[in-house]
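Descriptive structure summary
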Amino acid sequence: QMQLVESGGGLVESGGSLTLSCAASGFSLDYYAVGWFRQAPGKEREGISCITASGSSMGYADSVKGRFTVSRENAKVYLQMDSLKPEDTAVYYCATPPFAWCDYDYRDFHTWGQGTQVTVSS
């Protein structure tokens, strides 16, 4: 069964950093692009980053560009989050589409993790 697990969330002060990880069971992440999404209460799910299966191409939403970095290593995908702001507070999810290239529509991502809470205090 295809499953994803996110880890690394927590509580940090504004300006702090966290690194999230995404791991797969039942399949290899190496064959698929991986997207990162977040959702805050009362808001729509937001796509914030994507990395291709090869790791050769990456994209970021304007809201996180310059502060977040997505990477691949040892069959895991990471999201390094720096200069965190209170508005970054949300549940963060990783997800895969059934293909190797990046996509930015969450409806195209068929495998999701349970999410990890990131809370940034002011």
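Note: the structure precedes this text.
Residues numbered from 1 in each chain as written. Predicted model: local features only at pLDDT ≥ 70, side-chain atom pairs only at ≥ 80, totals over all residues. Heavy atoms only, no water.

**Some thoughts on the overall build of the protein**
In terms of regular secondary structure, the protein is built from zero helices and eleven strands. Reading the helices (α) and strands (β) of the protein from amino to carboxyl end gives β-β-β-β-β-β-β-β-β-β-β. For the protein, whose C-alpha radius of gyration is 13 Å, the value lies close to the compact-globule estimate of 14 Å for 122 residues. Seen through its C-alpha atoms, the protein measures out along the principal axes to roughly 40 × 25 × 25 Å. Taken over 122 residues, the protein has a buried fraction of 42%. (Helix = DSSP H or I, 4+ residues; strand = E, 2+ residues; numbered from the N terminus. Rg over C-alpha atoms; globule rule 2.2 N^0.38 Å. Buried < 20%, exposed > 50% of the residue type's maximum accessible area, 1.4 Å probe, protein only.)

**A word on the packing of aromatic side chains**
The description of an aromatic ring pair rests on the distance of the ring centres and on the angle between the ring planes. Evaluated as defined, the whole model comprises six aromatic pairs. A ring pair is formed by Phe27 and Tyr32, whose centres lie 5.6 Å apart and whose planes are at 75°; its orientation type is edge-to-face. On the numbers, 4.9 Å between centres and 45° between planes, the contact of Phe37 with Trp112 is tilted. On the criterion of sequence distance, the pair formed by Phe37 in strand β4 (residues 34-39) and Trp112 in strand β10 (residues 111-112) is long-range, its members being 75 residues apart. Residue Phe37 shares its accessibility class with Trp112, and that shared class is buried. What links up through ring pairs into an aromatic cluster is the set Phe37, Tyr93, Phe109 and Trp112. When the ring centre of Tyr93 is taken as reference, the NZ or CZ atom of Arg45 above it lies at 5.6 Å. Taking NZ or CZ as reference, Arg45 lies 4.6 Å from the ring centre of Trp112, over its face. (Phe/Tyr/Trp six-rings, centres within 6.5 Å; stacked < 30°, edge-to-face > 60°. Lys NZ or Arg CZ within 6 Å of the ring centre and 35° of its normal.)

**Observations regarding the pairing of strand β3 (residues 18-25)**
The pairing of strand β1 (residues 3-7) with β3 spans five bridges and is classified as antiparallel. Bridging across to β3, Leu4 finds its partner in Ala24. (Pairing = 2+ DSSP bridges.)

**Observations concerning the sheet that holds β3**
With respect to topology, four strands assemble into an open sheet ordered β1-β3-β8-β7, the strand pairing being antiparallel. Because the sheet does not close on itself, it has two edges, and the strands there are β1 and β7 (68-73). Each strand of the sheet is rotated relative to its neighbour by a mean of 20°, with strand direction disregarded. In the sheet, β3 pairs with strand β8 (residues 76-81) via five bridges, with the strands oriented antiparallel. Looking at the pairing, Cys22 lines up with Val77 of β8. (Axes fitted to C-alpha atoms, helices over the stretch in contact; angles between N-to-C directions.)

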